[in-house]
Amino acid sequence: MARKQGSHGEITGPKVREAALRLFARHGFAAVSMRQIAAEVGVQAGALYLYTADKQTLLFELMRDHLEELLADWRAPEAGPEAQLQDFVRHHIRFHLDRPDLVFIAYMELRNLEPANFAVIEGLRRDYENRLEAVLKAGQAAGVFAVPDTKLATMALIAMLTGVTTWYREGGRLDRAAVEEAYWDMVRKAVAA
């Protein structure tokens with residue numbers, strides 16, 4: 001199938017991903033067809049296969065790229081465990097508030113990944129969780145944190161922090177800085193020795 005006149009691969013490829021992200025977040029992966037994605041982009045359905053192998057690949061790449069960017073974007077600062085935890089909390093909130101559709105897809109569409117893709121995504125998620133757990137373990141060893149189970153605390157904290165994307169709205173009662181401060185205060189108190 002010929003490329004639509006005036007289309008450019010370096011422009012159309014990202015548009016395909018943006019349209020898939022928007023539609024998957026709005027309607028769910030299973031309810032979205034490749035034809036809908038093509039219509040959103042303004043290309044023939046067959047042209048999508050110039051940019052992706054299939055719908056599963058689109059979902060997987062959106063999730064993988066999101067998690068790889070998250071992992072690349074946060075490294076524990078050269079500081080004590082409490083400062084590292086504060087940096088993690090603030091970074092997690094900022095990063096995720098800028099990407100609510102990706103966050104929604106990364107959690108709600110796991111069930112639609114093929115087993116091999118699921119294993120890759122779970123591995124990336126585990127890498128991120130391990131970073132937080134390492135901070136909590138270091139804080140326990142230093143006597144500044146007291147949690148009964150660092151793995152359980154890790155999962156609870158990530159769930160709490162990620163949940164901000166479900167209710168936060170720009171221009172609402174609290175700005176981002178106030179949300180970061182409130183969440184840091186709650187996390188600090190939850191793990192304090």
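One structure accompanies this document, and this report is about it. (Residues numbered from 1 in each chain as written. Predicted model: local features only at pLDDT ≥ 70, side-chain atom pairs only at ≥ 80, totals over all residues. Heavy atoms only, no water.)

Things to note about the nonpolar core
Phe-24, Ile-37, Leu-85, Val-89, Ile-93 and Leu-136 are the most contacted members of the largest nonpolar core, which has 55 residues in total. When contributions to this core are tallied by element, the ones reaching two or more residues are helix 1 (9-27), helix 2 (34-41), helix 3 (55-73), helix 4 (81-97), helix 5 (100-108), helix 6 (115-142), helix 7 (150-162) and helix 9 (176-191). No other element matches the eight residues that helix 3 contributes to this core. Filtering out sequence-adjacent residues up to four positions away, Val-89 remains in contact with Leu-161, Tyr-183, Trp-184 and Val-187. (Core = buried A, V, L, I, M, F, W, Y, C linked by side-chain atoms within 4.5 Å. Buried < 20%, exposed > 50% of the residue type's maximum accessible area, 1.4 Å probe, protein only. Helix = DSSP H or I, 4+ residues; strand = E, 2+ residues; numbered from the N terminus. Contact = heavy atoms within 4.5 Å.)

Let's talk about helix 6
Under the 1.5 Å per step criterion, the end-to-end length of helix 6 is 40 Å for 28 residues, consistent within 8% with the ideal 40 Å. Inspection of helix 6 places Asn-117, Ile-121, Gly-123, Leu-124, Arg-125, Tyr-128, Glu-129, Leu-132, Glu-133, Val-135, Leu-136 and Gly-139 among the buried residues, and these make up the whole buried set. The secondary structure elements touched by the buried residues of helix 6 are helix 3, helix 4, helix 5, helix 7 and helix 9. Where helix 6 ends, the next residue or the one after it, Gly-143, has phi of about 80°, a positive value. (Expected span 1.5 Å × (residues − 1).)

Details of helix 3
In this model, helix 3 (19 residues) spans 27 Å end to end at C-alpha, consistent with the 27 Å of a helix rising 1.5 Å per residue. The set of residues buried in helix 3 consists of Lys-55, Gln-56, Leu-58, Leu-59, Phe-60, Leu-62, Met-63, His-66, Leu-67, Leu-70 and Leu-71. Where helix 3 begins, one side-chain oxygen reaches toward the backbone nitrogen of Gln-56, 3.3 Å away; that side chain belongs to Asp-54. (Polar contact = N/O pair within 3.5 Å; in protein donor to acceptor, adjacent residues only side chain to side chain.)

Some points on the pattern of salt bridges
Where charged atoms from two side chains of opposite charge come close, those side chains can pair. Per the stated rule, a full pass over the model turns up 16 salt bridges. Measuring nitrogen to oxygen at the nearest pair gives 3.9 Å for the salt bridge that ties Glu-61 to Arg-17. Placement of Glu-61 in helix 3 and of Arg-17 in helix 1 is noted, with a sequence separation of 44 residues between them. Accessibility expressed as a relative area gives 22% for Glu-61, which makes it partly exposed. Where Glu-181 meets Arg-90, a salt bridge forms, and the shortest distance between an N and an O atom there is 2.5 Å. Taken together, the residues Glu-181 in helix 9 and Arg-90 in helix 4 connect sequence positions 91 residues apart. We classify Glu-181 as partly exposed; its relative accessible area is 43%. Here the residues in one salt-bridge network are Arg-17, Glu-61, Arg-64, Asp-65 and Glu-68, joined through shared partners. (Salt bridge = Lys/Arg side-chain N within 4 Å of Asp/Glu carboxyl O.)

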